[in-house]
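Descriptive structure summary
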Amino acid sequence: MMRAEECLCHWHRDHRCSGDPKVCHFVTKGFFYATALYGNPTSSVNEVTVVLRPDPSPETVEVQTGVFTIYIPICRDPRTGPDDYWFHALLAHEIAHLLNAHLFDCYVEGLNGIFAEELLTRTSVGSERYRQYLEGQRCVDTSEAFYAVTYFLMKDLSREAGEEHMRNFLGCATWTDSGETRMHIDIDQWLDSLPRDKKVAVKAKIREHAPSVNRARQHDDRQQYVFRLPKDDC
């Protein structure tokens, strides 16, 4: 039987936390690690509440300025909780969304997958099982393949561009809609910041991965995620 929504952690940036101490520690460590890798968030992150719920999709919502709720689904097993590697993988992915909760972008979904892997490695929580899961989903025709193919896309882009150039990746976000509710990455702006040799290599990797990303976007609600190709590759 599915549980109702269950609050696992109420985290404050000033280190006042309540709820499961392991979850709060993971959020704290993850948030500051994300800022170290990719820069400061677009808006202040003052409070984060982590909620476990039956809904199948994880989600990060800014409920008011500086106050966020991260929803983690009970999706694999009704016992899924703070000791489960899958819980930590989903939570790590959503922690990265705190840097800009307006982004609905395929590149960013892949980048957050890489961040989840790195945070799981740093905290010794099932990173190898997470990698094996992504590898297993890479070639299947399901909605879960979306997270695998975007992860491998960004794995290659990060390798070609180098860590120093990934730090300003999220800084290339731009509004998708006139109402300014959603954003995507201006991939040409980021590419123009790269040295010529890296730019050529990165564009080649985008072309290589584009067919699998576009196939994965056809499932469920994945088309809400923008996937812009470099202008001369459109």
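Coordinates for the structure precede this section.
Report follows, based on the coordinates. Remember, it's a predicted structure, so these values are computed and weren't measured experimentally.

Attention now goes to the pairing of strand 3 (residues 47-53). Buried residues dominate strand 3, accounting for six of its seven residues. When strand 1 (residues 6-12) meets strand 3, the two strands line up antiparallel, connected through six bridges. Paired with Cys-7 across the two strands is Val-51, which belongs to strand 3. Pairing of strand 3 with strand 5 (residues 67-73), which is carried by seven bridges, proceeds in the parallel orientation. When the sheet's bridge partners are listed, Thr-49 is paired in strand 5 with Thr-69.

Applying the stated criterion across every chain, the model contains twelve aromatic pairs. Centroid distance Trp-86 to Tyr-133: 4.7 Å. Interplanar angle 65 degrees. Geometry classified as edge-to-face. Here Tyr-133 lies in helix 4 (residues 127-137) and Trp-86 lies in helix 2 (residues 85-97), a separation of 47 residues in the sequence. An identical accessibility class is assigned to Trp-86 and Tyr-133; each is buried. Taken together, the ring pairs connect Phe-104, Phe-146, Tyr-147 and Tyr-225 into an aromatic cluster. The cationic tip of Arg-53 hangs over the ring face of Tyr-71; the distance from NZ or CZ to the ring centre is 4.2 Å. The side chain of Arg-138 reaches across the aromatic face of Phe-152, ending 3.9 Å from its centre.

Time to look at the sheet that holds strand 4 (residues 59-64). Within a sheet, neighbouring strands are paired by backbone hydrogen bonds and run either parallel or antiparallel to one another. The mixed open sheet is built from five strands, whose spatial order is 2-1-3-5-4. Two strands bound the open sheet, and with one partner strand each, they are strand 2 (17-19) and strand 4. Here the average twist between neighbouring strands, direction ignored, is 20 degrees. Of the strand pairs in this sheet, strand 1 and strand 2 are connected by three bridges, and their pairing is antiparallel. Paired with Trp-11 across the two strands is Cys-17, which belongs to strand 2. Across the sheet, helix 2 lies against strand 1, strand 3, strand 4 and strand 5, angled at about 150 degrees from strand 5, the strand it touches most.

Our focus in this paragraph is helix 3 (residues 106-122). Along an α-helix, residues three or four apart share an orientation, since each turn contains 3.6 residues. Look at helix 3: 25 Å from first C-alpha to last across 17 residues, which is about the 24 Å you get at 1.5 Å a residue. Counting buried positions over the 17 residues of helix 3 gives 14, a clear majority of the element. Of the residues that open helix 3, the one with a side-chain oxygen 2.8 Å from the backbone nitrogen of Tyr-107 is Asp-105.

Counting 71 residues, the largest nonpolar core has Leu-91, Ile-95, Phe-169 and Trp-190 as its most contacted members. Those residues in contact with Ile-95 that sit more than four places away from it in its chain are Phe-26, Val-27, Gly-30, Phe-31, Ile-70, Phe-115 and Leu-119.

Cut-offs used in this document
- Residues numbered from 1 in each chain as written.
- Predicted model: local features only at pLDDT ≥ 70, side-chain atom pairs only at ≥ 80, totals over all residues.
- Heavy atoms only, no water.
- Buried < 20%, exposed > 50% of the residue type's maximum accessible area, 1.4 Å probe, protein only.
- Helix = DSSP H or I, 4+ residues; strand = E, 2+ residues; numbered from the N terminus.
- Pairing = 2+ DSSP bridges.
- Phe/Tyr/Trp six-rings, centres within 6.5 Å; stacked < 30°, edge-to-face > 60°.
- Lys NZ or Arg CZ within 6 Å of the ring centre and 35° of its normal.
- Axes fitted to C-alpha atoms, helices over the stretch in contact; angles between N-to-C directions.
- Contact = heavy atoms within 4.5 Å.
- Expected span 1.5 Å × (residues − 1).
- Polar contact = N/O pair within 3.5 Å; in protein donor to acceptor, adjacent residues only side chain to side chain.
- Core = buried A, V, L, I, M, F, W, Y, C linked by side-chain atoms within 4.5 Å.

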